[in-house]
Structure formats: C-alpha cells, structure tokens
Amino acid sequence: MKKIFIVGSALMLVSTATFASKARLQSLGEDKDGSYYISDYRNVYINPSELNTFGNKVFLEWGNTGKAVGNASLDTDSKTKAQGGMFYALPNDMKAGVILGDETDVAALTRILSSNGSNSFMQTADNVIDLFLAGKGDVNWGANLLYTQSESEVTNSRYKQHAYALRAGANKDAWNAHLLLALGAKADAPDLANTPTYKGKLGVRVGGGYDLDESNKAFAMYERYEWKQDNGTTAERIGSFNKWFTGVGHTKKITDSSTFFARLQAEMTNIKLETSTGNNTEAKITRFAVPLTVAFEHTATEWLVLRGSVGQNIHGTVEDQGLTANFGAANGPTIRTLAAARYGSSTAGNGGKKSIVNSTVVNAGMTFKFGNLELDGNIGTTDGNRAIADTATTEAADTKHGVLAFDNLMTRVGMTYNF
Amino acid sequence: MRKNVLLVAGLCVLSTSAFASKARMIALGQGTESRVISDSRSVFINPAEVNNFKNYVVTEWGTAANTTDTDTNPRAEGGFFREMGTFSYGLYLGNNESRVATVGATNRSFDAKTNALDLFFAGDMGLKWGAKFHYATSKDETATGTGSVALTQKTSAMGLSLGAIHGDIDVALNMDLADKAEGTSGIAGVAADQSKLKPSFTLETGYNWMGNKFYAAYQADKREETLGTTSTTYKQSDIRVGWGRTHEVNPTSRVFTDAYFSTGSDENITVAGKTKSNRLPLTIGLETEATSWLTLRGSVSQNVIFGSTKNPAGQTASTRNSTGVNAGATLGFGKLKVDGVIGNTAGQRNGAVNNKEGVLTTDNLMTRVGVTYNF
C-alpha cells in the first residue's frame with residue numbers, strides 16, 4: 001500500500017473558537033470588549049467562566065498609548081492602546097490567565113467627565129493588570145481580579161489614581177450568568193486647574209444568557225456605577241452611569257466555512273451629573289435604542305478569513321440637558337464631543353430630545369491564518385487621502401470612506417497564537 | 001516495496017541559533033539583547049556565546065549617525081563571526097554605544113563616539129570562554145568653538161569583555177576601560193572641555209535550571225564632565241535580578257515569559273542629587289514559523305507592582321504607560337534572513353509616521369531591518 005505523507009506548509013483550517021481579538025468583534029458589529037452571543041476571548045471580560053472555552057494562547061493587541069486627552073487617554077480605532085496576555089491550562093481542569101494593559105473606555109470617560117478644569121484631564125487607569133482563574137465542574141466557574149494603581153509626587157505634576165474590581169461568572173448547559181463588582185476607584189490631580197477629585201462608589205454589573213436552541217441565544221445585562229467628583233470651584237457632584245440591555249443573538253452555520261450572525265436588542269443608557277445639594281445644575285444624557293446588526297464570517301481560503309457587518313438603529317432617541325450649562329468653554333467642547341461620538345448627544349445648544357442620526361455602521365475585517373498563529377485586523381478604515389495630518393480630536397487618514405487600502409492593510413491589529 | 005513519498009512544501013525548520021538581529025530582540029520585548037532568550041546578540045553580553053553563534057554575517061540597516069540608536073533612527077552596524085577549529089572569532093563594526101555625553105551645554109557639543117570596532121575571540125575546551133576587545137577613536141581639527149576659533153575635538157574608547165559558560169552556569173564581565181570626548185564645538189565651544197567615563201563595568205551571572213534561566217547583573221559607572229572651570233561627577237548603578245523561560249511548543253514555535261526586578265540610581269555627586277528608579281516588567285512573547293519563508297513574533301510587556309522613579313527632591317512618580325506591544329517578522333530565503341519590526345508605522349503619512357497605532361502597513365513593511373547570512 002502506498003502511503004503518501006503530505007506535509008503542507010503548516011496552513012490549516014481553524015475553528016472559529018480560536019478567533020480572538022477586538023478587531024474581530026468590531027468587524028462583526030459587536031463591542032470590542034466582548035459579545036453576549038459570539039464566542040471570542042474578549043468575552044472573559046463579561047463572564048470569566050468563558051476562560052474554560054479557550055485553550056492555551058498568547059494574544060497581543062497592537063498599539064501604543066491610545067488617543068491622548070490631556071493626561072487621560074482613550075483606546076480609539078485609529079490610535080489603539082497596546083495590551084496583551086496569556087491563557088494557560090493548569091492541572092485539574094483549571095485555567096489561568098493574565099492580561100496586561102486593558103483600560104476600558106467607560107472608566108476613562110467617567111474620569112474625563114470629572115476633570116472639569118482648564119482643558120486638562122485627570123490620569124485614567126494605567127498599567128492595568130487582570131488576573132483570571134477558571135475551572136470546570138458541575139458548574140463551570142471563573143473569576144477575574146482587576147488592579148491598577150499609579151501616582152506622582154512631582155511638583156506641578158501631582159496625581160493619584162487606583163481602581164480595583166472583581167468579576168465572577170458561571171455557566172452550565174444552556175445558561176450563563178456573570179457579576180462585576182467595581183470595589184473602589186479614586187483619582188485626584190491637585191496640580192490641575194480646579195484640583196479635580198474622583199471617588200467611585202461600589203459599582204455593579206449583572207447579566208446572563210440562555211441558549212434558546214442551537215442557533216438562538218437570549219441575553220440581558222444591567223450595570224450601575226456611581227461616583228463623587230469635586231472640581232474645587234463647584235459643589236461636590238454625584239455622577240451616575242446606568243445601562244441595561246436585553247436581546248437575542250442568532251448564529252447560523254451556512255456552510256462549513258461560512259457563518260451568519262444577527263442580533264436585535266433594546267438598550268437604555270442614562271448618565272447623570274448632579275450636585276449633592278440639589279439638581280438645579282443637573283446634566284444628563286438619556287439614550288434609548290433598538291439596534292439591529294447583521295454580520296457574516298467566511299473562510300475565503302485556508303489562510304484568509306473575511307468578515308463584515310452592517311448595523312443600524314430600528315429606533316433610537318437621545319435626550320440631553322444641561323450639557324452647555326455645566327461644561328463651559330474650557331473643557332466643555334472636548335467632553336461634549338466625546339459624549340456625542342459615543343452616545344449621539346448634542347455638541348452645542350441647550351439640549352432636548354432628538355433621533356440618533358447616522359446610526360448605519362458598516363465594518364469589515366480579516367484574519368490571516370498561519371497554522372496556530374492568527375493576525376486579525378479591521379479593513380476599509382483608511383481614507384483615500386494620506387496627506388491630512390492628525391488634529392487634536394481626529395486622525396483624518398484613518399476614516400472609513402469606502403476604501404480598501406493596501407498600504408495600511410489592516411488597523412487595530414491583533415495577533416493570537418494558540419498552543 | 002513500499003514507497004513512502006514525503007512531499008515537503010518547502011518547510012525548513014529553523015533553529016533559534018539562526019536568528020541574529022536587534023529587530024528580533026525588540027519584537028520579543030528584550031531591548032537589543034536578551035539574557036534569557038537564545039540569540040546571537042547575546043555575544044554583546046557574554047562573549048563566550050560566540051562558541052554558540054558563529055559562521056554568519058549580519059548587517060543592521062540604519063544611518064551612519066553616531067548618536068543614540070533608536071527604533072526610528074537606527075544605527076548602521078554589522079559584522080561576521082566564524083569558527084576556526086575549537087576556536088571562533090568575530091569582527092563587528094559600528095557598535096558606537098557610549099555613556100559619555102554628547103551635549104555639554106547649549107551650543108557646546110562633544111563629538112560622539114564613531115567607527116567603533118569589536119574583536120571577538122572564543123574557545124571551547126569543555127569550558128566555553130570568550131573575550132571581546134572594543135576600540136574607537138576619532139579626531140577633528142576642523143572644529144570651531146567660541147568666536148569661531150579653530151579647535152580640536154577628539155574621542156577615544158577602549159573596552160574589554162570576558163565571559164565563560166560551563167554547563168548550566170555562565171558569567172561575564174564587561175568593562176569600559178576608557179571612554180572620553182575632548183573639546184566642545186559650537187558658538188560656546190571650548191577646547192579644554194572634557195567628558196570622561198571612569199573605568200566602569202557590568203558583572204553578571206546566570207544559571208539554567210529545569211528549563212528556566214535565572215540571572216543577576218550589577219552595573220556601575222562613573223562619569224566626569226568638565227565644562228570650562230566647572231567639573232561635575234555623575235555616578236550610575238543598576239542591580240537586576242531576573243528569570244526567563246522558553247516553552248518550545250514544537251520545533252517551529254515557542255512561547256517566552258520573563259520578568260526581572262531592577263533597581264538603580266543616577267547621581268550627580270557634585271550637586272548632590274540622586275534619582276532612583278525601580279521596575280518589575282513582566283514580558284510574554286511568542287514566535288512561530290508561519291510558513292517556510294515567514295516567521296512572525298510578538299510580545300507584550302508591562303510593569304507589575306514596581307515601576308517608579310524618585311527624583312533628587314525625594315518625590316516619587318509611577319512610570320506611566322509602561323504597556324508595550326512589539327511585533328516582528330523574518331523573511332527567510334534559505335540561509336539569508338531579513339528581520340524587521342512590524343506595526344511601527346502610523347495610519348497617516350503626513351507628520352510623525354513612526355508611531356505604533358495598531359496598523360499593519362505594507363508600504364513601510366518592516367523597520368529596524370537586519371539581514372543575516374549563515375554560512
């Protein structure tokens with residue numbers, strides 16, 4: 001009998017369970033910090049018990065320090081923050097993980113909001129460490145501890161910040177549940193104008209999901225964070241961030257190499273800032289939306305996977321009030337611009353209620369597969385014009401104008417090695 | 001007769017000894033040399049490593065400028081290493097690294113070290129040993145100083161490194177015997193100005209145990225700077241204790257983890273001001289042969305628990321934004337390897353383009369390119 005051994009060039013088909021990056025989730029129309037129905041390593045930030053799903057891996061998200069906003073910084077699509085980590089199997093069906101540098105935007109935005117000084121902002125969470133531990137059993141469980149702390153005593157540059165949080169999750173058969181407790185966060189910057197301080201109260205996020213059948217999954221989430229902020233010249237203020245959503249996600253394997261995704265959910269976000277003695281100078285944003293997202297992922301060749309999504313609000317309204325009155329000429333424009341980009345609120349005028357405009361979003365991405373190594377990224381995110389320079393708030397070359405660029409081949413690149 | 005036909009699509013297993021560039025080390029989060037990852041750059045830490053890395057030529061692309069070697073402005077250098085029976089030798093050009101200042105004051109600059117030459121010699125007699133002699137000199141009689149008066153600028157440097165490897169233990173001593181710059185040029189330049197490194201050294205040792213590498217290193221140097229009638233003495237020291245592990249997943253892929261604790265001080269003895277620093281970076285890296293002609297690698301590194309600087313006034317500041325992700329690639333063409341760092345170019349091409357912004361560019365395909373030919 002002839003035995004023919006064929007040793008290929010180490011390229012092989014890999015199941016979707018190995019995909020793992022912010023770019024992949026964004027390309028599929030999901031939040032870069034995790035999906036409630038599409039499997040990805042980022043989901044450990046929602047439910048740490050998901051760690052049991054993944055094998056050993058090292059993952060990197062290319063980038064640097066993100067988009068600078070004073071001393072604060074945000075992880076934006078065109079200026080990404082560097083982060084990475086590793087998951088590793090332990091004896092007795094347990095898994096451990098460490099992730100370095102994951103700095104969430106919600107935490108950063110609340111500190112930016114607290115920095116109502118002279119166009120400078122407090123230090124956001126820095127040098128974050130996430131430790132994970134998970135195990136299998138009758139009920140699969142997982143836990144994650146987040147820690148960040150930094151300070152400076154240097155004259156004219158003094159600041160302090162720290163934050164701790166604990167996530168826990170479980171899953172069994174068709175259901176899963178998770179809990180996040182933001183145990184404490186504090187920041188101050190005595191050398192910034194108006195000496196801002198920020199003190200987070202106990203924050204909580206609870207949620208879960210249930211597999212209705214092999215294709216459909218229902219999910220829900222509620223989170224609430226409160227904080228106190230003091231800007232020196234104004235009375236102490238209480239800030240709150242409330243969000244809930246519920247929805248259904250649909251995953252359908254069309255062929256062995258193609259998968260169709262769809263998600264419909266209802267979501268409400270409520271952000272409020274009020275004085276501790278009354279609400280005469282209250283600022284708030286209330287946003288309600290029903291987004292529908294349709295996505296696909298296709299293994300085009302044995303070394304290339306392509307994906308894309310389109311999403312739009314079936315219904316969406318945002319109401320804001322007191323933004324102009326509470327955020328003056330100094331920091332106000334930057335804060336209102338950031339809020340508008342994220343929530344659709346107004347950047348000028350006296351506020352009111354309006355439809356969320358321009359909610360149609362198309363994303364695309366791809367993965368190069370080299371055996372156990374995957375290189376993910378977003379595509380179509382580079383403008384045709386390379387000559388426009390950065391500004392304080394935008395990176396003009398890095399915008400979606402329907403261009404497939406070959407020089408900036410991928411953005412928000414993630415690198416994953418499974419072993 | 002059974003015929004087993006083995007069809008290989010050009011797969012070529014590369015041993016780590018074939019890798020030899022700054023780009024590889026940077027992509028794996030090690031700086032330009034590593035104490036825990038096997039790479040020919042280790043010859044600059046312990047010359048006894050020449051016994052392990054020989055028979056190759058290497059070039060590091062860059063400019064001929066003699067000042068600091070950075071990712072965006074790398075220095076041109078290169079050399080070759082060859083075996084000769086039980087001995088090995090090597091010659092390396094352009095390693096102009098120096099701790100002597102180049103800027104004395106405003107409009108008053110020393111010449112930088114230039115045209116450095118490193119000669120290596122090593123032998124294996126059961127005990128592997130090695131030595132490196134470093135030499136550089138230059139002179140410029142066309143320089144001008146205050147009032148456009150002609151003056152002579154000189155630089156000279158000499159160093160000696162010794163190392164040994166015996167079984168699981170290695171030890172190395174790197175000494176700067178002399179490193180001096182004389183005369184400053186510029187509209188405030190003075191012929192008598194001098195910046196001089198006193199004999200300085202780095203002493204280190206390492207131990208391999210069950211797949212783990214443990215090491216300790218102590219570095220101390222002293223520099224005197226004379227500008228006119230003012231002399232200032234600077235003292236610098238650093239103690240580092242570290243660990244690293246290479247997990248060979250398979251013959252073509254590996255995962256690296258390492259961490260070290262470093263505590264150091266930088267002191268202006270004359271003005272009595274000391275800056276102290278400490279850090280504990282954790283690094284996780286990966287390297288895999290993606291195809292027969294392409295190797296990809298990357299790493300993430302961040303300070304954990306320790307990472308701060310205390311200034312002469314006693315004020316402490318945490319090291320901000322210590323999270324760093326690096327990536328690199330090697331294009332392999334048989335015995336010729338082209339290494340580089342990838343992901344170092346921004347999205348826009350106007351203004352500062354040499355930024356890591358999470359972009360994979362194919363026009364600036366690789367930066368810090370190094371080319372190695374193994375023979």
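Note that the coordinates shown come from a computational prediction; the quantities given were computed from them, not determined experimentally.

### Some details on the overall build of chain A
Check the secondary structure of chain A and you find 4 helices and 21 strands. The buried share among the 419 residues of chain A stands at 55%. Partitioning the contacts of chain A with sequence separation of at least 6, the portion at a separation of at least 24 is 62%. For chain A, the exposed area adds up to about 17200 Å²; of that, 57% sits on carbon and sulfur atoms.

### Overview of the overall build of chain B
When helices and strands are counted, chain B shows 1 helix and 23 strands. Taken over C-alpha atoms, the radius of gyration comes to 22 Å for chain B, in line with the 21 Å a tight globule of 375 residues would show. Once the C-alpha set of chain B is aligned to its principal axes, its extents read approximately 90 × 45 × 40 Å. Out of the 375 residues in chain B, the part that is buried amounts to 50%. Accessible surface, chain B: about 16400 Å² in total, of which carbon and sulfur atoms supply 58%. For chain B, the centre of its 37 positive side-chain charges and the centre of its 34 negative side-chain charges are spaced 3 Å apart.

### Digging into the confidence of the model for chain B
Residues and elements named next belong to chain B. Mean pLDDT over chain B stands at 89; residues scoring 70 or higher make up 93%. Every residue in residues 1-17 scores below 50 in pLDDT, and together they form 38 contacts with partners more than four places removed in sequence or on other chains. Listed scores for the predicted complex are pTM 0.88 and ipTM 0.85.

### Here we look at the sheet that holds strand β5 (residues 103-105) of chain B
Residues and elements named next belong to chain B. Strand order across the open sheet formed by 3 strands is β5-β6-β11, with antiparallel pairing between neighbours. For this open sheet the edge positions go to β5 and β11 (184-185), each flanked by a neighbour on one side alone. Across 2 bridges, the pairing between β5 and strand β6 (residues 108-110) is antiparallel. If you follow A105 over to β6, its bridge partner there is R108.

### Describing the nonpolar core
Ranked by internal contacts, the top residues of the largest apolar core, which has 41 residues, are W62, F368, L375, M410 and M415 of chain A together with L296 of chain B. With 5 residues, strand β21 (residues 408-418) of chain A is the largest single contributor of residues to this core. Contacts of W62 of chain A, omitting those with residues within four sequence positions, involve T80, K81, L375, V413 and M415 of chain A together with V325, A327, I342, G343, G358, V359 and L360 of chain B. Among the nonpolar cores identified, the runner-up in size contains 32 residues, and F121, A189, I285 and I335 of chain A belong to it.

### With respect to the pattern of salt bridges
Enumeration according to the criterion identifies 39 salt bridges over all chains in this entry. Taken together, the shared-partner salt bridges in this structure form one network comprising K22, E33, R41, D69, D71, R75, E77, E97 and R368 of chain B.

### Some details on the pairing of strand β12 (residues 194-197) of chain B
Residues and elements named next belong to chain B. Of the two faces of β12, the one holding S195 and L197 is buried and the one holding Q194 and K196 is not buried anywhere. Inspection of the sheet shows strand β10 (residues 169-182) paired to β12 by 4 bridges, in the antiparallel sense. Bridge assignment links D179 to a residue of β12, and that residue is L197. In the sheet, β12 pairs with strand β14 (residues 212-227) via 4 bridges, with the strands oriented antiparallel. Across the sheet, the residue bridging to L197 is R223, located in β14.

### Re the packing of aromatic side chains
Summed over all chains, the structure comprises 29 aromatic pairs over all chains. A ring pair is formed by Y45 of chain A and F132 of chain A, whose centres lie 5.8 Å apart and whose planes are at 80 degrees; its orientation type is edge-to-face. Here Y45 of chain A is found in the loop between α1 (22-27) and β2 (57-65), whereas its partner F132 of chain A is found in strand β7 (residues 129-135), with 87 residues between them in sequence. Accessibility assignment for this pair places Y45 of chain A and F132 of chain A in one class, buried. Considering the side-chain rings of W209 of chain B and F214 of chain B, the 6.5 Å spacing of their centres and the 40 degrees angle between planes classify their relative orientation as tilted. Looking at W209 of chain B, the relative accessible area reads 45%, which means it is partly exposed. On the accessibility criterion, F214 of chain B (34% relative accessible area) is partly exposed. Put simply, the rings of Y41, Y45, F54, F59, F87 and F132 of chain A touch in pairs and so form one group of aromatic residues. Between R240 of chain B and the ring centre of Y260 of chain B, over which it is positioned, the NZ or CZ distance is 4.0 Å.

### Concerning the environment of K217 of chain A
Residue and element names in this part refer to chain A. Its place among the elements puts K217 in strand β13 (residues 216-230). The sequence separation of K217 and V403 amounts to 186 residues, and the corresponding C-alpha distance is 34 Å. With residues up to four places along the chain from it excluded, the contact list for K217 reads Y36, Y37, N176, Y210, D211, L212, G247, V248 and G249.

### With respect to a nonpolar patch on the surface
Residue and element names in this part refer to chain A. A cluster of nonpolar residues, L131, L145, Y147, Y164, L166, L183 and L202, forms a patch on the protein surface that exposes about 630 Å² of accessible area. At the level of secondary structure, the elements contributing two or more residues to the nonpolar patch comprise β8 (140-152) and β9 (159-172). Tracing the backbone shows Y164 in strand β9.

### Some words on unusual backbone geometry
Residues other than glycine seldom take positive phi values, yet D93 of chain A does so here, at roughly 60 degrees. In this structure, D93 of chain A sits in the loop between β5 (81-90) and β6 (94-100). A positive phi angle, near 65 degrees, is found at N55 of chain B, a position not held by glycine. Locating N55 of chain B in the fold gives a position in the loop between α1 (22-27) and β2 (56-60).

### Considering the side chain of T148 of chain A
Residues and elements named next belong to chain A. Secondary-structure assignment places T148 in strand β8. The exposure class assigned to T148 is buried, which follows from its relative accessible area of 1%. Only 2.7 Å separates the side chain of T148 from the backbone oxygen of D126, close enough to count as a polar contact. At 3.0 Å, the side chain of T148 forms a polar contact with the side chain of Q161. Those residues within four positions of T148 in sequence are excluded, and the remaining contacts are A125, D126, V128, Q161, H162 and A163.

### Focus on the pairing of β13 of chain A
Residue and element names in this part refer to chain A. Where strand β11 (residues 197-200) meets β13, 4 bridges bridge the pair, whose relative direction is antiparallel. When the sheet's bridge partners are listed, T197 is paired in β13 with D230. Inspection of the sheet shows strand β12 (residues 203-211) paired to β13 by 8 bridges, in the antiparallel sense. Within β13, the position partnered with G209 by the bridge is F219. A loop of 4 residues connects β12 with β13, the two strands running antiparallel in sequence. Bridge analysis of β13 against strand β14 (residues 237-255) gives 14 bridges, and the strand direction is antiparallel. From the neighbouring strand, M221 faces β14, where its bridge partner is F245.

### Digging into the side chain of S150 of chain A
With respect to the secondary-structure elements, S150 of chain A resides in strand β8. Taking the relative accessible area as the measure of exposure, S150 of chain A reaches 0% and is therefore buried. Those residues in contact with S150 of chain A, other than ones at most four positions away along the chain, are Q123, D126, Y159, K160 and Q161 of chain A together with S318 of chain B.

### Observations regarding helix α2 (residues 105-114) of chain A
Here α2 of chain A lies mainly inside the structure; 8 of its 10 residues are buried. Within the span of α2 of chain A, buried status applies to D105, A108, L109, T110, R111, I112, L113 and S114 of chain A.

Criteria and thresholds
- Residues numbered from 1 in each chain as written.
- Chains lettered and ligands numbered in written order.
- Predicted model: local features only at pLDDT ≥ 70, side-chain atom pairs only at ≥ 80, totals over all residues.
- Heavy atoms only, no water.
- Helix = DSSP H or I, 4+ residues; strand = E, 2+ residues; numbered from the N terminus.
- Buried < 20%, exposed > 50% of the residue type's maximum accessible area, 1.4 Å probe, protein only.
- Contact = heavy atoms within 4.5 Å.
- Areas by Shrake-Rupley, 256 points an atom, 1.4 Å probe, with all protein chains shown as cover.
- Rg over C-alpha atoms; globule rule 2.2 N^0.38 Å.
- Lys, Arg positive; Asp, Glu negative; His and termini not counted.
- Charge placed at Lys NZ, Arg CZ, Asp CG, Glu CD.
- pLDDT = per-residue confidence, 0-100.
- Pairing = 2+ DSSP bridges.
- Core = buried A, V, L, I, M, F, W, Y, C linked by side-chain atoms within 4.5 Å.
- Salt bridge = Lys/Arg side-chain N within 4 Å of Asp/Glu carboxyl O.
- Phe/Tyr/Trp six-rings, centres within 6.5 Å; stacked < 30°, edge-to-face > 60°.
- Lys NZ or Arg CZ within 6 Å of the ring centre and 35° of its normal.
- Patch = residues over 30% accessible without salt bridge, like charges linked within 9 Å, V, L, I, M, F, W, Y side chains within 5 Å.
- Polar contact = N/O pair within 3.5 Å; in protein donor to acceptor, adjacent residues only side chain to side chain.

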